[in-house]
Amino acid sequence: AGAVSIAAAFFALFGFIFIITQYFQDVRGYSALMAGVATLPFAIVMAVVSPIASVLSRRLGPGWVVGAGLGIMGLGFWRVTVLEADSAYWQMIVPAMVVMAAGLALVQAPATSAIMGVVRKDQVGAASAMNDTTREIGGTLGVAVLGSIVASQFSDSLNSAVSGLMPQQALDQAENSITAAITVAKYMPETVQGLFKEAAVNAFIDTVHQAGWVVACVAWAGALIAVIALPRGRQASV
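Residues numbered from 1 in each chain as written. Predicted model: local features only at pLDDT ≥ 70, side-chain atom pairs only at ≥ 80, totals over all residues. Heavy atoms only, no water.

1. So, the overall build of the protein
The helix and strand inventory of the protein stands at 9 helices and 0 strands. Ordered by position in the sequence, the α and β elements of the protein form the string α-α-α-α-α-α-α-α-α. The burial tally for the protein puts 46% of its 238 residues in the buried class. Of the contacts made within the protein by residues no fewer than 6 positions apart, 78% connect residues no fewer than 24 positions apart. Counting every atom, the protein has about 11,600 Å² of accessible surface; 64% of that belongs to carbon and sulfur. (Helix = DSSP H or I, 4+ residues; strand = E, 2+ residues; numbered from the N terminus. Buried < 20%, exposed > 50% of the residue type's maximum accessible area, 1.4 Å probe, protein only. Contact = heavy atoms within 4.5 Å. Areas by Shrake-Rupley, 256 points an atom, 1.4 Å probe, with all protein chains shown as cover.)

2. A short note on the side chain of Ser155
Inspection of the secondary structure assignment puts Ser155 in helix α6 (residues 124-162). On the basis of relative accessible area, Ser155 is assigned to the buried category, the value being 18%. A distance of 3.4 Å separates polar atoms of two side chains, one belonging to Ser155 and the other to Glu175. (Polar contact = N/O pair within 3.5 Å; in protein donor to acceptor, adjacent residues only side chain to side chain.)

3. Structural notes on the pattern of salt bridges
Tallied over the full model, the rule gives 1 salt bridge. A salt bridge links Asp122 to Arg120; the shortest N-O distance between them is 3.1 Å. On the accessibility criterion, Asp122 (60% relative accessible area) is exposed. (Salt bridge = Lys/Arg side-chain N within 4 Å of Asp/Glu carboxyl O.)

4. A short note on empty space enclosed by the protein
If you walk through the whole model with that rule in mind, you get 2 cavities of 30 Å³ or more. Of the voids in this model, the largest cavity is the one considered here, and its volume is about 80 Å³. In terms of lining, the largest cavity is formed by Phe16, Ile19, Ile20, Arg79, Val80, Leu83, Met92, Ile93, Ala96, Met97 and Met100. Secondary structure elements with two or more residues in the lining of the largest cavity: α1 (2-27), α4 (62-80) and α5 (89-116). Top contributing element to the lining of the largest cavity by residue count: α5, with 5 residues. Looking at the lining of the largest cavity residue by residue, the classes come out as 10 nonpolar, no polar and 1 charged. Size it by volume and the second largest cavity reaches roughly 30 Å³. (1 Å grid on protein atoms, 1.4 Å probe; cavity = no way out; pocket = protein on both sides within 12 Å on 5 of 7 lines; lining within 4 Å. Points joined across faces, edges and corners; volume = space filled by probe spheres on them. Nonpolar A, V, L, I, M, F, W, Y, C, P; charged D, E, K, R; others polar.)

5. What to know about a nonpolar patch on the surface
Judged by side-chain polarity, Leu33, Met34, Val37, Leu40, Ile44 and Val48 come together as a nonpolar surface patch covering roughly 590 Å² of accessible area. Mapped onto the nonpolar patch, the elements with two or more residues apiece are α2 (32-38) and α3 (40-60). Inspection of the secondary structure assignment puts Leu33 in helix α2. Look at Leu33 and you get exposed, because its relative accessible area is 65%. (Patch = residues over 30% accessible without salt bridge, like charges linked within 9 Å, V, L, I, M, F, W, Y side chains within 5 Å.)

6. Quick word on the packing of aromatic side chains
Overall, the coordinates contain 7 aromatic pairs when judged by the stated rule. Each ring, one from Phe16 and one from Phe42, has its centre 5.9 Å from the other, and the planes form 20°; the classification is stacked. Here the residue Phe16 occupies a position in helix α1, and Phe42 occupies one in helix α3, the gap between them amounting to 26 residues. When sorted by exposure, Phe16 lands in the same class as Phe42, which is buried. Here the aromatic rings of Tyr89 and Trp90 are separated by 5.1 Å at their centres, their planes lie at 80°, and the arrangement is edge-to-face. (Phe/Tyr/Trp six-rings, centres within 6.5 Å; stacked < 30°, edge-to-face > 60°.)

7. Topic: the environment of Gln173
If you trace the backbone, Gln173 turns up in helix α7 (residues 168-174). Expressed as a C-alpha distance, the spacing of Gln173 and Ile72, which sit 101 residues apart in the sequence, is 38 Å. Once residues within four sequence positions are removed from consideration, Gln173 is found in contact with Ala180 and Val184.

Rendered as structure tokens:
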């Protein structure tokens, strides 16, 4: 249950990073540096909340804390389902990141402790490796699954919106990603450039909404597993 919780959390985390990076750079027009700076609130909240998670876990039990953390992460991703191209950074995006980061912080330490607490001393190394492996698996699946959703849905949406507006060869290149579409738009006649870019952005935002629902559901499913399977109640101090 601890491993599943961590995998679900990192599925959500890496999926979010995959989406928000493209959103910041291709939709909002941020540089790579500014896109990184724009995600700093996530790291700051993680640093603040992480020490609290261990205290709560000892008092309430990892089941409640990890479950609450994944549930809170799900709420953050649910917020992404109403994200728009011109959504206010401080009023919309930062609050969503704060909620996600707080949820992840509540998951990491208690779930890791749950994994390490059920093994013998001679199994500690293997348990630690398992903990790291589940993070990597969750993150890899997050990028793979959400990448597939975004790529396939973006291609279909863009094709239906601009079919006949440009040569098929250029459209085939633009369908690969929002980054490719924005690049192709730069070489289009000015008469259709704005229309095509708007269609590409709208198609991407639609895929972000769908991906947000997927990640939210994964986080909520992980929360249910954590509450059911992980220990609940006050834990002895170690």
